[in-house]
Amino acid sequence: MATKSILITGGAGFIGSHVVRLFVKKYPEYRIINLDKLTYAGNLENLRDIEQAANYVFVRGDICDYEMLKKLFAEYAIEGVIHLAAESHVDRSIKDPFTFARTNVLGTLSLLQAAKEAWDGQWDGRLFYHISTDEVYGALELGGGFFTEETRYAPHSPYSASKASSDHFVRAFHDTYGMPTLVTNCSNNYGPYQFPEKLIPLFINNIRHRKPLPVYGKGENIRDWLYVEDHARAIDLIFHRGKVGETYNIGGFNEWRNIDLIRVIIRTVDRLLGNPEGYSLDLITFVTDRAGHDLRYAIDSSKLKNELGWEPSLQFEEGIEHTVRWYLDNQLWLDNVTSGAYEEYYQKMYGNK
Ligand code: NAD
Ligand code: TYD
């Protein structure tokens with residue numbers, strides 16, 4: 001018997017699928033409703049292992065569809081929202097900023113408004129938890145400290161500008177209407193089920209096919225990497241124990257220069273494929289830098305550690321090894337995504353789109 005209905009948006013995407021899996025397995029007493037539009041980034045194959053679970057419901061829909069959202073809140077008496085649905089790739093946002101404003105800003109606003117209408121001031125036991133990125137804080141200099149929860153917002157890319165705007169809307173609903181909200185800003189995630197246009201799965205796949213590895217600029221930009229299951233664990237903890245109205249930064253104090261990270265990936269893939277050491281280094285190809293490429297991201301997550309006791313569970317070397325193995329062991333998943341075949345899975349499972 002479900003005691004609580006929780007809406008997870010974007011659950012067919014990379015991080016969302018890990019959050020859905022964790023909640024479906026860990027909380028059989030919750031009904032987990034996964035609302036996802038299934039854009040190019042949404043892939044129901046990510047959830048094959050739990051799709052038959054009794055406490056799991058998949059709904060295909062757009063977070064910008066306010067009428068649909070109103071019906072959904074009424075039908076399932078939703079009490080908690082974990083909002084991950086978004087357009088998430090910086091390079092796409094540079095080419096098509098409107099889609100990012102629509103989904104990330106207007107979609108988040110529609111979801112907030114639908115929750116507000118449904119909850120109608122009865123805030124007890126309700127929570128709207130918004131998942132965001134450290135990119136809203138802008139960029140750091142080399143050796144220039146860390147992003148904390150107090151760092152001033154200074155987004156540079158259309159992606160981070162749209163996420164910053166959505167964060168502000170969430171806080172505005174808390175401050176204006178008293179809605180119980182939480183926001184977390186996380187660093188770059190890596191791990192299984194990431195869409196292979198992002199750095200790590202793209203490069204693993206390209207090495208596998210002996211295709212060039214396009215390194216933007218000189219590869220000197222720095223990112224702070226966190227294993228996706230550690231992010232999902234943090235989301236679980238914060239959803240249940242986070243202080244309403246607060247913001248928490250999530251990150252693993254794990255900074256890597258892109259070029260150094262790429263060499264680790266090459267070394268790991270070559271070793272696991274039985275290639276001689278250094279075999280794929282010749283695939284590194286320096287290309288024109290990304291416009292407005294943020295130099296460095298680095299998260300200070302000590303608030304989360306001190307207040308809720310969260311820490312990353314995996315060392316980076318273990319996480320990368322596990323990730324590379326996963327993509328090499330799941331070549332069908334990768335091939336289905338790169339060929340577009342993954343989109344047929346929805347049709348088999350749920351009929352026409
Ligand atoms: P993703 O692109 O892999 O998945 C996004 C999901 O949202 C997809 O399943 C897609 O179909 C769905 N979606 C897109 N538009 C939608 C719409 N209009 N209505 C309903 N569903 C829609 O993204 P991800 O990497 O899993 O990121 C999830 C969230 O976490 C995002 O909000 C992102 O900003 C945030 N985040 C990501 C990272 C990261 O490193 N990937 C880091 C910090 C925060
Ligand atoms: P990405 O995975 O797109 O995450 P984000 O831009 O949100 O941090 O990229 C991670 C880093 O890798 C970023 O500095 C851009 C760089 N990059 C490349 O050098 N080449 C690529 O093909 C991609 C996709 C990214």
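Residues numbered from 1 in each chain as written. Chains lettered and ligands numbered in written order. Predicted model: local features only at pLDDT ≥ 70, side-chain atom pairs only at ≥ 80, totals over all residues. Heavy atoms only, no water.

> It is not clear to me how the overall build of the chain should be interpreted in this structure. Could you clarify?
Secondary structure assignment for the chain yields 12 helices and 12 strands. What you see for the chain is a C-alpha radius of gyration of 20 Å, in line with the 20 Å of a compact globule of 353 residues. Across its three principal directions, the C-alpha atoms of the chain cover 60 × 50 × 40 Å. Evaluated residue by residue, the chain yields a buried proportion of 57% over its 353 residues. Look at the contacts in the chain between residues 6 or more apart in sequence, and 82% of them connect residues 24 or more apart. (Helix = DSSP H or I, 4+ residues; strand = E, 2+ residues; numbered from the N terminus. Rg over C-alpha atoms; globule rule 2.2 N^0.38 Å. Buried < 20%, exposed > 50% of the residue type's maximum accessible area, 1.4 Å probe, protein only. Contact = heavy atoms within 4.5 Å.)

> I tried to follow the site of ligand 1 on my own but got confused; where do I start?
Around ligand 1, a shell composed of 28 residues is seen, among which I15, D36, S88, Y159 and K163 lie nearest. One of the side-chain nitrogen or oxygen atoms of D62 is found 2.9 Å away from a nitrogen atom of ligand 1. One nitrogen or oxygen atom from the main chain of N189 is found 2.8 Å from an oxygen atom belonging to ligand 1. Protein contacts shield 97% of the accessible area of ligand 1, which totals 840 Å² for the unbound molecule. Counting only elements with at least two residues in the shell around ligand 1, the list comes to α1 (14-26), β5 (127-133), α5 (158-177) and β7 (188-190). If you tally residues by element for the shell around ligand 1, the top one is β5, at 3 residues. When grouped by side-chain class, the residues that make up the shell around ligand 1 number 12 nonpolar, 12 polar and 4 charged. (Near = heavy atom within 4 Å. Polar contact = N/O pair within 3.5 Å; in protein donor to acceptor, adjacent residues only side chain to side chain. Areas by Shrake-Rupley, 256 points an atom, 1.4 Å probe, with all protein chains shown as cover. Nonpolar A, V, L, I, M, F, W, Y, C, P; charged D, E, K, R; others polar.)

> Quick question: what am I supposed to make of the side chain of K116 here?
Within the secondary structure, K116 sits in helix α4 (residues 97-119). Although buried, K116 forms no salt bridge, and the nearest oppositely charged side chain, E117, lies 4.1 Å from it. Those residues in contact with K116, other than ones at most four positions away along the chain, are G121, W123, F173, Y177 and M179. (Lys, Arg positive; Asp, Glu negative; His and termini not counted. Salt bridge = Lys/Arg side-chain N within 4 Å of Asp/Glu carboxyl O.)

> Help me understand the sheet that holds strand β9 (residues 222-227), please; the structure alone is not making it clear to me.
Sheet strands associate in pairs through backbone hydrogen bonding, adopting either a parallel or an antiparallel arrangement. Read from one edge of the open sheet, 3 strands run β7-β9-β11, paired in mixed fashion. Single-partner strands in this sheet number two, and they are β7 and β11 (255-257). Here the average twist between neighbouring strands, direction ignored, is 50 degrees. Pairing geometry for β9 and β11, over 3 bridges, is antiparallel. Note that in β11 the partner of I222 across the bridge is R257. Across the sheet, helix α7 (residues 228-241) lies against β7 and β9, angled at about 70 degrees from β9, the strand it touches most. (Pairing = 2+ DSSP bridges. Axes fitted to C-alpha atoms, helices over the stretch in contact; angles between N-to-C directions.)

> Quick question: what am I supposed to make of unusual backbone geometry here?
Glycine aside, a negative phi is what most residues show, and trans is what most peptide bonds show. Located in the positive-phi region is Y193, a residue other than glycine, with phi close to 70 degrees. Secondary-structure assignment places Y193 in the loop between β7 and α6 (199-208). Its identity as a non-glycine residue notwithstanding, R210 has a phi of 50 degrees, on the positive side. Looking at the element boundaries, R210 is found in the loop between α6 and β8 (213-216). Judged by its relative accessible area of 35%, R210 falls in the partly exposed class.

> Help me out: how do you make sense of the nonpolar core in this one?
A general tendency of soluble globular proteins is for nonpolar side chains to be buried together. Counting 72 residues, the largest nonpolar core has I8, F23, I82, Y129, I238 and I250 as the members making the most contacts within it. When neighbours within four sequence positions are excluded, F23 is seen to be in contact with I6, I8, Y30, I32, N55, I82, D236, F239 and H240. (Core = buried A, V, L, I, M, F, W, Y, C linked by side-chain atoms within 4.5 Å.)

> Can you help me understand the site of ligand 2 in this one?
Near ligand 2 you find 18 residues, and of these E135, P214, R223, R290 and H293 are the closest. Residue R223 places a side-chain N or O atom 2.7 Å away from an oxygen atom belonging to ligand 2. Between ligand 2 and the protein, one listed contact pairs an oxygen atom with a side-chain N or O atom of N258 at 2.9 Å. Coverage of ligand 2 by the protein chains reaches 96% of its 510 Å² of free accessible surface. Of all the secondary-structure elements, those providing two or more residues to the shell around ligand 2 are α6 and β8. Split by residue class, the shell around ligand 2 holds 8 nonpolar, 5 polar and 5 charged.

> What is the right way to read the packing of aromatic side chains from this model?
Each aromatic ring pair is summarised here by two numbers: the centre-to-centre distance and the angle between the ring planes. Counted according to the given criterion, the structure contains 21 aromatic pairs. Ring geometry for F173 and Y177: centres 4.8 Å apart, planes at 65 degrees, overall edge-to-face. You can see F173 and its partner Y177 sitting in helix α5, 4 residues apart, about one turn around the helix. Owing to a relative accessible area of 5%, F173 belongs among the buried residues under this scheme. (Phe/Tyr/Trp six-rings, centres within 6.5 Å; stacked < 30°, edge-to-face > 60°.)

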